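Architecture at a glance
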Amino acid sequence: MKSSEIRSRFLQFFKNRKHTIIDSASLITSDEKGVTNPTLFNTAGMQPLIPYLLGKPFIKDGHEVTRLADVQKCLRTVDIDEIGDRTHATFFEMLGNWSLGDYFKEEAIKWSYEFLTSKEEGLGLDPNRLYVTVFEGDAVAAKDVEAAEIWKGIFKANTVSDGGGDTSKSENGRIFFMPASSNWWEAGENGPCGPDTEMYYDVKNVLGGKGLTHERFLEADSKREVVEVWNDVFMQYEKKDGKIVGKLPKPSVDTGAGLERLAMVMQNVDNIFDTDLLKPEMDVMKTMAKNWKIESARIVADHIRSAVFLITDGVIPSNTDRGYVLRKLIRRAVRHGQLLKMSEDGSSKLDIIVNAVILNYENVYKEVAIKKDFVIAEILKEETRFKETLNQGLKEFEKGVDAFTLFSSYGFPLELTLELAKEKGITIDVNDFNEKFKKHQELSRAGAEQKFKGGLADSNNEMVVRYHTATHLLHQALFDVLGNGVMQKGSNITTERLRFDFAHGAKMTDEEKKRVEAIVNEKIAAGLPMTQVKMSKEEAEKTGAKHFFGEKYGDEISIYYIGDSLERAYSKEFCGGPHVKNTRELAGPEGKWHFKILKEEAVAQGVRRIKAVLG
Ligand code: SER
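Keep in mind the model is a prediction, meaning the values are calculated, not measured.

The full set of residues close to the ligand is Ala44, Met46, Arg76, Met94, Trp185, Asn231, Val233, Asp254, Thr255 and Gly256. The contact in question runs from an oxygen atom of the ligand to an N or O atom on the backbone of Thr255, over 3.3 Å. Between Gly256 and the ligand, the recorded distance is 3.1 Å, taken from a backbone N or O atom to an oxygen atom. Considering the ligand on its own, with 230 Å² of exposed area, one finds that the protein chains cover 95% of that surface. For the shell around the ligand, the secondary-structure elements that each account for two or more residues are β10 (226–240) and β11 (243–258). With three residues, β11 is the single largest residue contributor to the shell around the ligand. Broken down by class, the residue content of the shell around the ligand amounts to five nonpolar, three polar and two charged.

The final tally for this structure, using the stated rule, is 33 salt bridges. We note a salt bridge from Arg327 to Glu382, for which the minimum N-O separation is 2.8 Å. A residue pair is termed long-range when its members are at least 10 positions apart, and Arg327 in helix α10 (residues 321–339) and Glu382 in helix α13 (residues 372–399) qualify at 55 residues. Its relative accessible area of 0% is what places Glu382 among the buried residues. Salt bridges sharing common partners tie together Arg216, Glu219, Lys223 and Glu225.

Mapping Thr66 onto the fold places it in the loop between β3 (63–65) and β4 (67–75). Thr66 sits 47 residues away from His19 along the chain, and the two C-alpha atoms are 7.9 Å apart. Discounting chain neighbours no more than four positions away, the residues touching Thr66 are Trp98, Ser99, Leu100 and Asp102. Polar side-chain contacts of Thr66 include one of 2.7 Å to the side chain of Asp102.

A word on the pairing of β4. By the criterion of burial, β4 is predominantly enclosed, with nine of the nine residues buried. Where strand β1 (residues 20–21) meets β4, two bridges bridge the pair, whose relative direction is parallel. In the sheet register, Thr20 faces β4, and the bridge partner there is Leu68. Where β4 and strand β5 (residues 91–99) come together, nine bridges link them in antiparallel fashion. Opposite Ala69, over in β5, you have Asn97 as the bridge partner.

Grouped together as the largest cluster of nonpolar side chains are 97 residues, with contacts concentrated most on Ile304 and Ile379. It is helix α9 (residues 294–312) that contributes the most residues to this core, nine residues altogether. Leave out the neighbours within four places in its chain, and Ile304 touches Glu281, Ala333, Leu350, Ile353, Val354, Val357 and Ile379. Membership of the second largest hydrophobic core comes to 37 residues, among which are Tyr467, Leu482, Met508 and Ala587.

This part covers the sheet that holds strand β17 (residues 595–604). Spatial strand order, β12-β13-β18-β17: four strands in an open sheet with antiparallel pairing. With one partner strand each, in any of the chains shown, β12 (488–493) and β17 form the two edges of the open sheet. Within the sheet, the average angular offset between the axes of one strand and its neighbour, ignoring direction, is 20°. Summarising the sheet, strand β13 (residues 498–503) and strand β18 (residues 607–614) pair through six bridges and their orientation is antiparallel. Residue pairing across strands places Ala503 opposite Val607, the latter belonging to β18. Relative to β13, helix α17 (residues 462–482) is tilted by about 30°, and along the sheet it contacts β12, β13, β17 and β18. Here helix α18 (residues 510–525) sits on the sheet and contacts β17 and β18; the angle it forms with β17, its principal contact strand, is near 135°.

Rules behind the numbers
- Residues numbered from 1 in each chain as written.
- Predicted model: local features only at pLDDT ≥ 70, side-chain atom pairs only at ≥ 80, totals over all residues.
- Heavy atoms only, no water.
- Near = heavy atom within 4 Å.
- Polar contact = N/O pair within 3.5 Å; in protein donor to acceptor, adjacent residues only side chain to side chain.
- Areas by Shrake-Rupley, 256 points an atom, 1.4 Å probe, with all protein chains shown as cover.
- Helix = DSSP H or I, 4+ residues; strand = E, 2+ residues; numbered from the N terminus.
- Nonpolar A, V, L, I, M, F, W, Y, C, P; charged D, E, K, R; others polar.
- Salt bridge = Lys/Arg side-chain N within 4 Å of Asp/Glu carboxyl O.
- Buried < 20%, exposed > 50% of the residue type's maximum accessible area, 1.4 Å probe, protein only.
- Contact = heavy atoms within 4.5 Å.
- Pairing = 2+ DSSP bridges.
- Core = buried A, V, L, I, M, F, W, Y, C linked by side-chain atoms within 4.5 Å.
- Axes fitted to C-alpha atoms, helices over the stretch in contact; angles between N-to-C directions.

Structure representation (structure tokens):
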């Protein structure tokens, strides 16, 4: 079965069960939701839906809907060093059906089973090769006997051996109890969470269908004789700062099935790179490579596919945050592309591989078709920049610079430095490199955590709220002074300052900065009201209010506008708030503060950053 058919069968199956089908949200999480989105990218299908899983109504065509189904683009880079094996990928698609306070364990489990096994409507997998895990319970939450009993009933009703054991024990033979490390789902420190039940398929058909011991099941998992194909999460609790703060008012269901894994099972191949999702790239490389290295080819295939989707969703290579992840992916792809020796002149032929990705996905995601020329150009530009850096780095290397500096300042992977050193007969102290590398990782991790706590996390703080409104004023003032090309690229607010990143090709002149400041100060002095209105997405789009990040909005949109009416507003943006009631509040308690730009600098090619204060 082709992957396109898996997608369409999945959506149709849940449409038949009264689910509303929604489009994938962007890969990029919204900065303004710093509180609930703990990561730079959507790493699971549930992430763009967190507010709705926590109870916010999802409005579609004027009605609240409580059942959704989608195929969500996801990106995970935690396992980047594992790419090259059979199953890891950075980009992947996740099929998901969602109950927003609607159905719970009974239906979720039943439908997962039906979709996996039904020949007519689903995937037609052999139920005798299906094994499941459920949560064994801990100090935080009880053992999920209910899910186990539901499974037992389903297996019995379908005359599948239920393992023969007692579900109150873990040695059931088909239903296995597992600890929180495997059967509890949460995305970060805040948000909805709960126990899950996972479904595994005996891809090698070696387990025999009954009497399996817990140990043998774990062994089969580690040997990848079984592959996890589906996960139903029962969202029952809410976490804040890593602690459970209570039960959700309405329990919800978050299900997820990785498309790559399902394609692997359905296409009867033992690795995701042989599925139709990645094979076109692998085939192209195979015909071109003079030096076939399967791991390198897989890294190129994976990283280029991720780069295509990241650029399509608005990321450009840079040295920070999302742009840095993209840069790293492209540079690793260039490096591994070179190892494959796909051309006489040393060029990596990335454009041909990028084209293979685009051809494979442009009919599935229209944004890929629309942006394809831009995507190819960006990837090739980054390749050129990397090669320039490599040349500079080579000169430094000849002068005897250490491996870590080559890595951190010139982007030289250690393996490259080691190769060069070998050619020159120099020895490199790998231990020294590893020590510095570890320190570097800890530092960047600490930095990342800091960032996720930032944003608008402290939305009760008066100063943060003032800076948030000031950000809207600044945004419009930049449009007034620099023109319509200004596009918001990021925003970060603390009690001390605002920070705003935007697309603009040149350094701002002093004159331009002064004009922007003057406009913002004029709007503060004018004491304009800030008003929130809510309306349907269609109406909201017609207002011309600014919106970004291809965020997944429900059908009800909140717009904040500054001015007397929405029509004549000075600024209007899609935004969840919170904001001040009147711009006068930005002048502080005594009405004496002014808006000042402290710094205007480049953060990436074509992206400027302003730091500004009220004081
Ligand atoms: N959130 C769960 C997962 O990612 C199920 O969708 O596995």
